[in-house]
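Structural description and commentary
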Amino acid sequence: MDTATVAVTWAGHASWVVRMRIGGLPFLPAPVWPRRILGTPARLTPVGVRWEDLPPVDAVVISHNHYDHLDAPTLRRLPRRTPLFVPAGLARWCGRRGFTRVTELDWWESAELAVPGREPVRFDFVPAHHWSKRSLTDTCRSLWGGWVLGDRRGQRVYFAGDTGYGHWFKEIGRRHPALDLALLPIGAYAPRWWLRDVHADPEEAVQACEDLGARRMAPMHWGTFVLSAEPVLEPLARVRAAWERTGRPRAHLWDLPVGASRVLAA
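These figures come from a predicted structure and were not determined experimentally.

Some details on helix α3 (residues 168–175)
Within α3, burial applies to Trp 168, Phe 169, Ile 172 and Gly 173. The buried side chains of α3 occupy one side of the element, clustering within an arc of 140° when seen end-on. Among the exposed residues of α3, those pointing more than 90 degrees away from its buried face are Lys 170 and Arg 174. Of the surrounding elements, those touching the buried residues of α3 are β8 (121–126), β10 (156–159), β11 (181–185) and α5 (202–212).

Written out as structure tokens, the structure reads:
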């Protein structure tokens, strides 16, 4: 297998294990490993990757501070020198929990992680339409957004976090052309009158992939926690139908089951 590859494993909900090359250590977007999070029923599906099976982690990527995307018990499992990449306003929260390598970014800012003996990886923080809140007094006191992870060979993975649909996807695609893979949320969208602004539905997620100019799409944010009113399997059926209507290759929709992996060759 070519070492110049990207490998992704869906751990469930918005949690992924991303390797920017075979043999490289993983990055963890939105790691949430507990069976239950505050304010929701227990998981419908178990975590797809046992924590004990993970190698050491190169970095953690956080999109926003909601409990289903920023989980303190999971972070406590990590060494406190693990690099964290977080939205503006969240560095203090991380620092209070002992993390010493926290990079806080605003939209369109970027940072690079240099790991001895391996290629550096670039982290670009990009806009989303969502919100933040973790307590009664901190509504929208920290930012929210998505991330583009890229290496010097030009391979790039977009992690959307949580977001509604809108014009920002075309701008992200313009600034980061030829994205190899877009990890896009497709669940927690019903009822639309309440959630349209902050959660894309499956058809909007497929359109977002088109707007981004991404070659492939991997759906996420469905089938794990009950956060809204749509039937559990409806997002999967709708995203498959929407993808088919585009005429794009079926193989480029990576509708993975929880725990499954896919490798993107250079």
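Next comes the rest of the description.
A few points about the sheet that holds β11
Pairing within the open sheet is mixed, and its six strands lie in the order β7-β8-β9-β10-β11-β12. Sheet topology places β7 (110–113) and β12 (217–220) at the edges, where each strand pairs with a single neighbour. Direction aside, neighbouring strands of the sheet carry axes that sit 20° apart on average. Sheet topology places β7 next to β8; four bridges connect them, and they run antiparallel. Among the inter-strand pairings, Glu 112 is bridged to a residue of β8, identified as Arg 122.

Some words on the pairing of β10
With four bridges joining them, strand β9 (residues 146–151) and β10 adopt antiparallel strand pairing. Along β10, the bridge assignment pairs Trp 147 with Phe 159. From the end of β9 to the start of β10, which pair antiparallel, there are four residues, and Gly 154 there has a positive phi angle of about 95°. Here three bridges tie β10 to β11, and the two strands are oriented parallel to one another. Paired with Val 157 across the strands is Leu 181, a residue of β11.

Things to note about the packing of aromatic side chains
On inspection of all chains with the given rule, the structure shows nine aromatic pairs. Ring plane angle 75° and centroid distance 5.5 Å describe the contact between Phe 27 and Phe 123, whose orientation is recorded as edge-to-face. Here the residue Phe 27 occupies a position in strand β3 (residues 27–29), and Phe 123 occupies one in strand β8, the gap between them amounting to 96 residues. Classification of Phe 27 by relative accessible area gives buried; the value is 2%. A residue is classified by how much of its surface remains accessible, and Phe 123, at 0% relative accessible area, is buried. Taking the centre distance of 3.9 Å and the plane angle of 10° together, the rings of Phe 85 and Phe 123 count as stacked. A residue pair is termed long-range when its members are at least 10 positions apart, and Phe 85 in strand β5 (residues 84–87) and Phe 123 in strand β8 qualify at 38 residues.

What to know about a positive patch on the surface
The grouping of Arg 76, Arg 80, Arg 92, Arg 96 and Arg 97 at the surface amounts to a positive patch. Here Arg 76 shows up in the loop between α1 (72–75) and β5. Given a relative accessible area of 55%, Arg 76 falls into the exposed group.

Criteria and cut-off values
- Residues numbered from 1 in each chain as written.
- Predicted model: local features only at pLDDT ≥ 70, side-chain atom pairs only at ≥ 80, totals over all residues.
- Heavy atoms only, no water.
- Buried < 20%, exposed > 50% of the residue type's maximum accessible area, 1.4 Å probe, protein only.
- Helix = DSSP H or I, 4+ residues; strand = E, 2+ residues; numbered from the N terminus.
- Arc of directions from axis to C-beta.
- Contact = heavy atoms within 4.5 Å.
- Pairing = 2+ DSSP bridges.
- Axes fitted to C-alpha atoms, helices over the stretch in contact; angles between N-to-C directions.
- Phe/Tyr/Trp six-rings, centres within 6.5 Å; stacked < 30°, edge-to-face > 60°.
- Patch = residues over 30% accessible without salt bridge, like charges linked within 9 Å, V, L, I, M, F, W, Y side chains within 5 Å.
- Areas by Shrake-Rupley, 256 points an atom, 1.4 Å probe, with all protein chains shown as cover.
- Salt bridge = Lys/Arg side-chain N within 4 Å of Asp/Glu carboxyl O.
- Lys, Arg positive; Asp, Glu negative; His and termini not counted.
- Charge placed at Lys NZ, Arg CZ, Asp CG, Glu CD.

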